[in-house]
Amino acid sequence: MSAGAAERPAVFFGWRVAWAAFAIAVFGWGVGFYGPPVFLHAIREARGWPVWLVSAAVTCHFLLGALAVANLAYLHRRFGLAAITRAGGVAAALGVLGWALAREPWQLFAATPLSAFGWAATGAAAINAMVAPWFDRRRPAALSTAYNGASVGGVLLSPLWVALIAAVGFPGAAALVGGAMVLALWWLSARFLARTPAAMGLEPDGGAPPAAGTARPVPQTAALPGALLWRDPRFATLAAATSIGLFAQVGLIAHLFSLLVPALGAQFAGFAAGLATACAIAGRTGLGWLLPPDADRRRAAAANYGLQICGCLAFFAAGGADVPTLLLGVALFGLGIGNATSLPPLIAQRDFAHADTARVVALVTACSQAAYAFAPAAFGALRDLLPAAPGAAEGAAPAVFLVAAGLQAAAAAVLLLGRGRPSGPWTVRGPTRLRPRPSPSPARSPLG
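Residues numbered from 1 in each chain as written. Predicted model: local features only at pLDDT ≥ 70, side-chain atom pairs only at ≥ 80, totals over all residues. Heavy atoms only, no water.

(A) Summary view of the nonpolar core. Counting residues in hydrophobic clusters, the biggest one holds 103 residues, and the most contacted among them are Trp29, Trp99, Ile127, Trp161 and Phe170. Element by element, the count of residues in this core is highest for helix H9 (residues 139-193), at 20 residues. Apart from the residues within four sequence positions on either side, Ile127 is in contact with Ala21, Ile24, Ala25, Trp29, Thr122, Ala146 and Tyr147. Of all hydrophobic cores here, the second largest spans 22 residues; its members include Ile309, Phe333, Phe379 and Ala405. (Core = buried A, V, L, I, M, F, W, Y, C linked by side-chain atoms within 4.5 Å. Buried < 20%, exposed > 50% of the residue type's maximum accessible area, 1.4 Å probe, protein only. Helix = DSSP H or I, 4+ residues; strand = E, 2+ residues; numbered from the N terminus. Contact = heavy atoms within 4.5 Å.)

(B) How the structure looks around helix H8 (residues 124-131). H8 sits mainly inside the fold: eight of its eight residues count as buried. Residues Ala124, Ala125, Ala126, Ile127, Asn128, Ala129, Met130 and Val131 constitute the buried set of H8.

(C) Structural detail: the pattern of salt bridges. This model, assessed by the stated rule, comprises five salt bridges. For Arg234, the salt bridge is made with Asp232, and the minimal N-O distance between the two is 3.0 Å. On the basis of relative accessible area, Asp232 is assigned to the buried category, the value being 0%. The partner of Asp356 in a salt bridge is Arg359, with the nearest N and O atoms 3.8 Å apart. Pair noted here: Asp356 and Arg359 are both in helix H14 (residues 354-372), with a separation of three residues, about one helical turn. This pair shows no difference in class: Asp356 is buried, exactly as Arg359 is. Through salt bridges that share partners, Asp296, Arg299 and Arg419 make up one connected network. (Salt bridge = Lys/Arg side-chain N within 4 Å of Asp/Glu carboxyl O.)

(D) How the structure looks around the packing of helix H11 (residues 297-318) against helix H16 (residues 399-417). Their axes nearest at 9 Å, the elements H11 and H16 cross at an angle of 170°. One finds that H11 runs roughly antiparallel with respect to H16. Residues Arg298, Arg299, Ala301, Ala302, Tyr305, Gln308, Ile309, Cys312, Leu313, Phe315 and Phe316 of H11 form the contact with H16, whose participating residues are Ala399, Phe401, Leu402, Ala404, Ala405, Gln408, Ala409, Ala411, Ala412, Leu415 and Leu416. Looking at the contact of H11 with H16 residue by residue, the classes come out as 18 nonpolar, two polar and two charged. (Axes fitted to C-alpha atoms, helices over the stretch in contact; angles between N-to-C directions. Parallel < 35°, antiparallel > 145°, perpendicular 65-115°, else oblique. Nonpolar A, V, L, I, M, F, W, Y, C, P; charged D, E, K, R; others polar.)

(E) Fine view of the side chain of Asp351. Mapping Asp351 onto the fold places it in helix H13 (residues 339-351). Within the structure, the side chain of Asp351 is placed 2.8 Å from the side chain of Arg298, a separation counted as a polar contact. (Polar contact = N/O pair within 3.5 Å; in protein donor to acceptor, adjacent residues only side chain to side chain.)

Take a look at the structure:
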């Protein structure tokens with residue numbers, strides 16, 4: 001046995017990074033994604049401000065977060081993954097404290113850039129950036145492990161926010177949770193994110209570095225620097241499909257509890273929401289560990305949308321009253337929730353050059369976040385416009401499930417449209433011949 005092999009740890013360090021990313025995701029989603037709906041209620045109760053005003057601040061939080069995510073790959077290159085993650089934890093804590101202490105509406109909006117940056121630095125693109133350098137063949141399993149922290153963050157921190165706000169007030173709750181987030185992310189960043197496989201003498205998935213003189217495999221996909229990426233059909237279809245799919249998913253999730261209450265009651269509707277989260281963890285874990293390395297990941301994502309379509313159709317068939325069918329819809333829709341976040345980075349890994357993957361994931365995440373920021377309001381308007389089920393409460397419109405199903409079907413179709421597309425921008429020259437355009441010099445803008 002070689003000395004290098006003897007010194008290599010029994011447990012691949014990349015799995016420790018994945019579990020560190022899991023813990024970061026618990027805070028990231030628990031504060032930046034699941035927190036704002038709780039904050040909305042707390043601010044309304046404390047200040048008496050109208051719903052539209054506080055809702056506008058939540059939308060601003062997600063839109064500014066999308067702008068930060070679009071530049072996340074550049075920030076990681078410029079300042080380092082560990083430093084940006086630490087800064088994100090501090091920004092999230094200060095931002096939420098600003099929400100809690102706001103006495104005037106302008107102060108609420110002034111706090112959103114901080115909370116938005118915190119969410120961007122600990123959200124989906126950031127988690128992918130933490131895990132991706134350590135895994136290639138095993139990346140689906142590693143990402144599913146890390147992204148499960150998002151679901152756990154909703155399960156743990158949503159009720160914790162409610163309990164702490166009731167016990168010590170919103171400012172006290174913000175100080176406690178924010179302080180815990182800063183301390184946890186500071187330590188995790190130093191212990192796990194400051195290291196790289198190359199610095200530890202490791203290859204992705206735990207392999208040993210190649211022997212001297214051994215040629216590394218040449219990537220089969222050309223890089224797309226600068227604006228070339230935006231004109232690439234694979235990027236365009238991935239960004240559009242993810243945006244449409246998450247718009248439908250986030251919009252429906254935002255209203256699912258209230259849509260279930262008429263048939264299940266508030267207590268059992270809460271249990272049903274928990275069932276959806278449990279199914280999300282099960283679906284993400286199952287796909288992450290069982291997806292073959294050579295699988296067509298766009299087809300897998302389209303099938304995931306198909307599963308959610310079945311869930312939406314079950315919701316519609318229940319007519320707002322049939323409890324077993326409603327629970328079937330919760331389970332089917334829930335199984336696809338987690339994969340809607342974890343599959344796009346896996347598609348990016350397969351479809352794009354290694355040098356482009358982080359930027360692709362960041363820009364796709366930014367596009368989808370900018371889209372779903374408006375989803376709760378849009379679905380709320382649909383509930384007011386669409387007809388309600390006979391005898392159901394006002395706003396309990398089962399037709400909204402058909403809208404969600406149609407959006408998921410559109411997302412699947414757009415995603416499949418990008419299968420097998422060539423690299424780079426293309427123009428039609430003649431009746432059937434496709435020729436690549438010459439590549440311009442790489443752009444240096446942080447937005448790529």
